[in-house]
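# Residue-level structure breakdown
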Amino acid sequence: MSAECSSYLNADKVLVSGFSCPRTGGDARAVYCCGFQDVKYCCDDPHSFFPYEHSYMWWLSVGALVGLSIAAVVLCAFIITVCVLCYLFISTKPRSKLDTGLSLQMADSETRGSSIC
């Protein structure tokens, strides 16, 4: 089985002549024409040819970076908000200890001894 990669213009607008897959001296399993309109090569996956230019992938990368940047800003804002709220909670707590209503006292040893007998 073999596939034909047609000639194409690369990113520098230079004509690259067509070739058949697998290439001589290449991997024998690479029988499919893969890549983009401006970058073609032989590979072993029949679904790896994309009918647009390679530069299109950079726009996808830029979109992913913008999305990740927005997510990072939101995460930082959340962490800062939690830290500020924790600080406000700790700084506005009353300084004196709360009265629990129970005052525990140690019993005298004489009192304890007389109550047992």
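Description of the structure in this document. (Residues numbered from 1 in each chain as written. Predicted model: local features only at pLDDT ≥ 70, side-chain atom pairs only at ≥ 80, totals over all residues. Heavy atoms only, no water.)

### A word on the overall build of the chain
Across its full length, the chain holds two helices and six strands. Each helix and strand of the chain, placed in order from N terminus to C terminus, yields the pattern β-β-β-β-β-β-α-α. Per-residue burial for the chain yields a buried fraction of 15% across its 117 residues. Accessible area of the chain: about 10000 Å², with a carbon and sulfur share of 65%. (Helix = DSSP H or I, 4+ residues; strand = E, 2+ residues; numbered from the N terminus. Buried < 20%, exposed > 50% of the residue type's maximum accessible area, 1.4 Å probe, protein only. Areas by Shrake-Rupley, 256 points an atom, 1.4 Å probe, with all protein chains shown as cover.)

### With respect to the packing of aromatic side chains
Per the stated rule, a full pass over the model turns up zero aromatic pairs. Looking at arginine 23, its charged tip hangs above the ring of phenylalanine 19, at a distance of 3.7 Å from the centre. (Phe/Tyr/Trp six-rings, centres within 6.5 Å; stacked < 30°, edge-to-face > 60°. Lys NZ or Arg CZ within 6 Å of the ring centre and 35° of its normal.)

### Brief notes about a nonpolar patch on the surface
Taken together, the side chains of Ile80, Val84, Leu85, Tyr87 and Leu88 present a nonpolar region at the surface, about 520 Å² in accessible area. Within the secondary structure layout, leucine 85 lies in helix α1 (residues 55-91). (Patch = residues over 30% accessible without salt bridge, like charges linked within 9 Å, V, L, I, M, F, W, Y side chains within 5 Å. Salt bridge = Lys/Arg side-chain N within 4 Å of Asp/Glu carboxyl O.)

### Some details on the pairing of strand β6 (residues 40-43)
With four bridges connecting them, strand β5 (residues 32-35) and β6 associate as antiparallel partners. Following the sheet pairing, cysteine 34 is matched in β6 by tyrosine 41. Taking the residues that link successive antiparallel strands as the turn, the β5-β6 hairpin has four residues. (Pairing = 2+ DSSP bridges.)

### Regarding the state of the cysteines
Put plainly, a disulfide is one covalent bond tying together the sulfur atoms of two cysteines. The final tally for this structure, using the stated rule, is three disulfides. Two residues share a disulfide in this structure: cysteine 5 and cysteine 33, whose sulfurs sit 1.9 Å from each other. Handedness of the cysteine 5-cysteine 33 disulfide follows from its S-S torsion of about 125°: it is right-handed. Placement of the pair is cysteine 5 in strand β1 (residues 3-5) and cysteine 33 in strand β5, with a sequence separation of 28 residues. Considered together, cysteine 5 and cysteine 33 belong to a single accessibility category, that of buried residues. Each disulfide in the chain links cysteines that, numbered along the sequence, combine into the pattern 1-3, 2-5, 4-6. Lacking any disulfide linkage, cysteine 86 is separated from the closest cysteine sulfur, that of cysteine 83, by 6.7 Å. (Disulfide = S-S within 2.5 Å.)

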